[in-house]
Amino acid sequence: MDADILLTKGKVLTVDRQNTVHEAVGIKDGKIIFCGSSEDAKVFLGSRAEVIDLNGRSVVPGFIESHIHSAVMGVNALAIDCRPSASFAGSCG
């Protein structure tokens, strides 16, 4: 299977249980199909693959904002807004 994108010669942080670090990653249709050495990645190199030389830079998993207080946001959405309002103040004339 040929990759669409090959990232090579870098540090691919997998964040698995062993905190494995690889050199290369292959991506096909937006999904990772390979992690390993830059040499082994050549198997996934097709004629249309985009090869990106990381030049020692790191690749990390996507970060997801996990510190959101959605319950508080929901309660606040139901609360009465007691801040001063220009339209209310203007009608008290």
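Throughout, a residue's number is its position along its own chain's written sequence, starting from 1. Predicted model: local features are reported for residues with pLDDT of at least 70 only, side-chain atom pairs are reported and counted for 80 or more only, and whole-chain, interface and lining totals are derived from all residues. As a rule here, side-chain values cover all heavy atoms of the structure and leave hydrogens and water aside.

1. Regarding the sheet that holds strand 4 (residues 24–28)
When DSSP locates at least two bridges between a pair of strands, those strands are taken to pair. The way it works is that DSSP assigns letters per residue, a run of H or I at least four long becomes a helix, a run of E at least two long becomes a strand, and they are numbered from the N terminus. Here we have four strands laid out as an open sheet, ordered 5-4-1-6, and mixed in their pairing. If you trace the sheet from one side to the other, it starts and ends with strand 5 (31–36) and strand 6 (50–53), each paired once. Put simply, the sheet's adjacent strands are angled 15° from each other on average, direction ignored. Where helices are involved, their axes are fitted lines through C-alpha atoms of the stretch in contact, as for all axes, and angles between N-to-C directions lie from 0 to 180°.

2. With respect to the nonpolar core
Working definition of a nonpolar core: buried Ala, Val, Leu, Ile, Met, Phe, Trp, Tyr and Cys residues. They are joined through side-chain atoms within 4.5 Å. Exposure categories follow from relative accessible area, calculated using a 1.4 Å probe and restricted to protein chains: below 20% of the type maximum is buried, above 50% is exposed, and the middle band is partly exposed. Judged by nonpolar contacts, Ala3, Leu6, Ala24, Phe34, Ala41 and Phe44 together constitute the single largest core of six residues. Any pair of residues with heavy atoms lying within 4.5 Å of one another is described as a contacting pair. Beyond its immediate stretch of four places on either side in the chain, Ala41 contacts Leu6, Ala24 and Phe34. Grouped together as the second largest cluster of nonpolar side chains are five residues, Leu7, Val12, Val25 and Ile27 included.

3. Some words on the sheet that holds strand 7 (residues 58–59)
Taken in spatial order, the three strands make up an open sheet running 3-2-7, and their pairing is mixed. With partners counted over all chains shown, the strands left at the sheet margins are strand 3 (21–22) and strand 7, one partner each. In this structure, strand 2 (residues 11–13) lies alongside strand 7, joined through two bridges in parallel fashion. Across the sheet, Val12 pairs through a bridge with Val59, a residue of strand 7.

4. Comments concerning the pattern of salt bridges
Put simply, a salt bridge is a Lys or Arg side-chain nitrogen that is within 4 Å of an Asp or Glu carboxyl oxygen. Tallied over the entire structure, the rule returns three salt bridges. Where Glu39 meets Lys42, a salt bridge forms, and the shortest distance between an N and an O atom there is 3.2 Å. Take Glu39: its relative accessible area is 53%, and that puts it in the exposed class.

5. Focus on the side chain of Ser38
Tracing the sequence through the fold places Ser38 in helix 1 (residues 38–41). Think of a polar contact as two N or O atoms within 3.5 Å of one another; within protein, one of them needs to be a possible hydrogen donor and the other a possible acceptor, and neighboring residues in sequence only count if both atoms come from side chains. Engagement of the side chain of Ser38 in a polar contact is seen with the backbone nitrogen of Lys9, the distance being 2.8 Å. Apart from residues lying up to four places away in sequence, Ser38 is in contact with Thr8, Lys9, Glu23 and Ala24.

Spatial relationships are all this shows, so hold off on functional conclusions.
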